[in-house]
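A look at the structure
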Amino acid sequence: MNEPELQAVVDQQTLADRVAAGDYPDWVRSHWETFSESVTGDRDGTPFPCHFGAESVANGEPLYTVVPSLTDPDALLGFRDAMLEYLGEYGSRDARVSFVTFWKPPEDEFSEADYHEALWHILSVLHVHDPEPWPADVPTDTDSPEWEFCFGGEPLFPTCRAPFYAAHDRYSRYCPVGLEITFQPAGLFEGITADTDAGQRARAAIQNRIEEYDGQCPHADLGDLGVDGDREWVQYLFREDDAQAPTECPATFTREHPKATAGIDPVVGSQPPASGDD
């Protein structure tokens, strides 16, 4: 960890020091500055909705990586390796260690549809190149209320922020630079899941903050794992324009997923050549 390579996994202090020293490209500096300012600051006097995330960043707890392309095969395989390194590291730390990933913005303007395609291409690549089998207790059918994205043998919750949210005043999901994905293993939610009193209080507080921070009700797709009618995949990158958002999950997952032996298809939106088995 903290190696000098661009796609290394780094702790927050190392990231901040390298940004200050000019060791990263300008797009990484922009990502870090806008991320840290929005998560630890406030908007019109209202703090960032997720107080757990804000507290974690204020304490310097997350790990980070930067990815120089949304589609380049080498960059995506490098990201796969960084994910595996993070999963081997976070459990040894007595902190709420999420994994914040900053993605180089595309040269051409991206629409909402483009960002949906990019996200599911990234998650599909992770799945096909996952060295671990899908967890036995997690269904692979994305239409199940119990489904959640898994990699490295662990359930993960990826939360995305992107530029297109500015047009819809969804400031809590807005990143002016490009795609930003924060991965949180299920273990980070222990004790504050929806079936606990602490979890219900936390969700009520976060939803109230979302309403104040965004100036509108929480997104209609916001839900909880295992609740009938709620689906997890739609929460990763909230839809704003129904015409540009997928109506079904764009990726498929299998318990014994295929291991890719050739290079990654660089076309955004490509999916694993398999169908769900649950």
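Let me sum up the structure you'll find in this document. These figures come from a predicted structure and were not determined experimentally.

Turning next to the overall build of the chain. Summing up its helical and strand segments, the chain has 6 helices and 8 strands in all. Element order for the chain, N to C, with α for helix and β for strand: β-α-α-β-β-α-β-α-β-α-β-β-β-α. Restricting the contact set of the chain to residue pairs at least 6 apart, pairs at least 24 apart contribute 67%. Carbon together with sulfur atoms contributes 46% to the accessible area of the chain, which is approximately 12400 Å² in total.

At a minimum axis separation of 8 Å, helix α2 (residues 26-40) and helix α3 (residues 51-58) run at an interaxial angle of 125 degrees. Viewed along their axes, α2 and α3 adopt a mutual orientation that is oblique. Seen from above, α2 lies across α3 with left-handed handedness. For the pair α2 and α3, contact is made by Phe35, Val39 and Thr40 and by Gly53, Ala54, Val57 and Ala58, respectively. Of the residues assigned to the contact of α2 with α3, the class counts are 5 nonpolar, 2 polar and no charged.

A word on helix α4 (residues 73-89). A rise of 1.5 Å per residue sets the reference length of α4, with its 17 residues, at 24 Å; its end C-alpha atoms lie 24 Å apart and thus fit the reference within 8%. For α4, the complete set of buried residues consists of Ala75, Leu76, Phe79, Arg80, Ala82, Met83, Tyr86 and Leu87. Taken down its axis, α4 places every buried residue within 165 degrees of arc, on the same side. In α4, the exposed positions angled more than 90 degrees off the buried face are occupied by Asp74 and Gly88. Here the buried face of α4 lies against β4 (63-67), β5 (99-103), α5 (112-128), β6 (150-151), β7 (154-161) and β8 (180-185).

What follows concerns the environment of Ala251. Among the structural elements, Ala251 can be located in the segment after α6 (197-214). Relative accessible area serves as the criterion here: at 3%, Ala251 is assigned to the buried category. Residues Ala251 and Ser124, spaced 127 residues apart in sequence, show a C-alpha to C-alpha distance of 6.2 Å.

This part covers the sheet that holds β7. In spatial order, the strands read β1-β4-β5-β8-β7-β6; together these 6 strands make up an open sheet with mixed pairing. The open sheet terminates on both sides in strands that have one partner only, identified here as β1 (10-11) and β6. Contacts from α4 reach β4, β5, β6, β7 and β8, with the element oriented near 165 degrees to β5.

Attention shifts here to the nonpolar core. Formed by 47 residues in total, the largest nonpolar core has its most connected members in Phe79, Phe99, Trp103, Trp120 and Phe149. By residue number, the principal contributor to this core is α5, which donates 8 residues. Setting aside chain neighbours within four positions, we find Phe149 in contact with Leu123, Leu126, Trp134, Glu154, Pro155, Leu156, Tyr236 and Phe253.

It is worth spelling out the pairing of β7 at this point. Along β7, 7 of the 8 residues are buried, which leaves the element largely enclosed by surrounding structure. Where β6 meets β7, 2 bridges bridge the pair, whose relative direction is antiparallel. Each bridged residue has a counterpart across the sheet, and for Cys150 the counterpart in β7 is Pro155. Adjacent in sequence and paired antiparallel, β6 and β7 are bridged by 2 residues, among which Gly152 carries a positive phi angle near 65 degrees. Bridging between β7 and β8 involves 6 bridges; their strand directions are antiparallel. Bridging from a neighbouring strand, Pro158 pairs with Phe183 of β8.

Turning our attention to the pattern of salt bridges. Applying the stated criterion to the full structure yields 9 salt bridges. In this structure, Arg80 and Asp81 form a salt bridge, with 2.6 Å as the shortest nitrogen-oxygen distance. On the basis of relative accessible area, Arg80 is assigned to the buried category, the value being 18%. A salt bridge links Arg161 to Glu180; its shortest N-O distance comes to 2.7 Å. Residue Arg161 is located in strand β7, and its partner Glu180 is located in strand β8; the two are separated by 19 residues in the primary sequence. The two residues Arg161 and Glu180 agree in class, both being buried. Overlapping salt bridges bring together Asp221, Arg239 and Asp242 as one network.

Criteria and cut-off values
- Residues numbered from 1 in each chain as written.
- Predicted model: local features only at pLDDT ≥ 70, side-chain atom pairs only at ≥ 80, totals over all residues.
- Heavy atoms only, no water.
- Helix = DSSP H or I, 4+ residues; strand = E, 2+ residues; numbered from the N terminus.
- Contact = heavy atoms within 4.5 Å.
- Areas by Shrake-Rupley, 256 points an atom, 1.4 Å probe, with all protein chains shown as cover.
- Axes fitted to C-alpha atoms, helices over the stretch in contact; angles between N-to-C directions.
- Parallel < 35°, antiparallel > 145°, perpendicular 65-115°, else oblique.
- Left-handed = near helix turned anticlockwise from the far one by under 90°.
- Nonpolar A, V, L, I, M, F, W, Y, C, P; charged D, E, K, R; others polar.
- Expected span 1.5 Å × (residues − 1).
- Buried < 20%, exposed > 50% of the residue type's maximum accessible area, 1.4 Å probe, protein only.
- Arc of directions from axis to C-beta.
- Pairing = 2+ DSSP bridges.
- Core = buried A, V, L, I, M, F, W, Y, C linked by side-chain atoms within 4.5 Å.
- Salt bridge = Lys/Arg side-chain N within 4 Å of Asp/Glu carboxyl O.

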